[in-house]
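Residues per chain, in single letters:
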Amino acid sequence: MTPIQSELFALQDKKYRDFHAGLLPTVQKETIIGIRKPAIRGYARKLAGTPEAASFMRTLPHEYFDENDLHGMLINEIKDYLDAVAALDAFLPYVDNWATCDSGVPAVFKKHKNELLLHVYEWLNSDKPYTVRYGIGTLMRLYLDEDFDIKYALDVAKIRSKEYYVNMMKAWYIATALAKQYDAVLPILQERLMDSWSHNKAIQKARESYRITPQQKEYLSSLKV
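Residues numbered from 1 in each chain as written. Predicted model: local features only at pLDDT ≥ 70, side-chain atom pairs only at ≥ 80, totals over all residues. Heavy atoms only, no water.

The next subject is helix α8 (residues 113–124). The α-helix advances 3.6 residues per turn, and as a result positions three or four apart in sequence lie on the same side. Helix length check: α8, at 12 residues, gives a terminal C-alpha distance of 16 Å against a target of 16 Å (1.5 Å per residue), a fit within 8%. Of all the residues in α8, the buried ones are K113, L116, L117, H119, V120, W123 and L124. Each element contacted by the buried residues of α8 is listed here: α6 (81–91), α9 (129–142) and α10 (150–158). (Helix = DSSP H or I, 4+ residues; strand = E, 2+ residues; numbered from the N terminus. Expected span 1.5 Å × (residues − 1). Buried < 20%, exposed > 50% of the residue type's maximum accessible area, 1.4 Å probe, protein only. Contact = heavy atoms within 4.5 Å.)

So, in structure tokens, the structure goes:
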């Protein structure tokens, strides 16, 4: 057992492991240590920037799900934009679950949104489902407010995948986009630009949102296919 693995097992919550395993069907239970997000995030902040962290991040693939979680959080702590992108490009092909994939983006990305778009589109065009999901998630987190462009929503809608976790993220993105840019995004549903499953799931998630008005929800319901 490595020193970092020992530190992670010291944070183990077995009841949480049993609960969390039920939410991660793509992950073998025996690879889940069981660490609550605040605990592993605190450890990542403590470890970030150390030689131990650098060595850990060079050692892929990891043995445990929680090591992947830690790795993603360490990337989020990187302060240099190019270093953060390089670390993601090295790590994303090894991501095998939605929880690690959805652990956020490096704060430094907010200062480099124009340059970042090139990498976002590389992720969207990947043959790795969780890399695609990460790309969609990045568009959702960083490009739905003042940096919104309908092109991004249209490009997400065009994605065709047999992967459940890609299509679920598409639906989540469109539902969130409706909450923030309703008039611009609505034609994507009116014109049925997505596959039927993602289309209906986006409507469902939008109707569950408190940011969508009752009138909007009623109309969205009429757009189901």
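Turning next to the nonpolar core. Within the largest apolar cluster, 70 residues are counted, with the highest numbers of intra-cluster contacts made by L70, F109, Y173 and L220. Ranked by residues supplied to this core, first place goes to helix α11 (residues 164–180) with nine residues. Excluding residues that lie within four positions of it along the chain, L220 makes contacts with L178, Y182, L186, L189, I203, A206, R207 and I212. Ranked by size, the runner-up nonpolar core spans six residues in total, among them A21, V27, F65 and A99. (Core = buried A, V, L, I, M, F, W, Y, C linked by side-chain atoms within 4.5 Å.)

This part is about helix α3 (residues 37–47). Taken together, the buried positions of α3 are I40, Y43, A44 and L47. Buried residues of α3, viewed axially, fall in a sector of 105°; they line one side. Facing away from the buried side of α3, by more than 90 degrees, are the exposed residues P38, R45 and K46. For α3, the secondary structure elements touched by its buried residues are α1 (3–10), α4 (51–58) and α5 (65–76). Phi turns positive one or two residues past the end of α3, at G49, with a value near 85°. (Arc of directions from axis to C-beta.)

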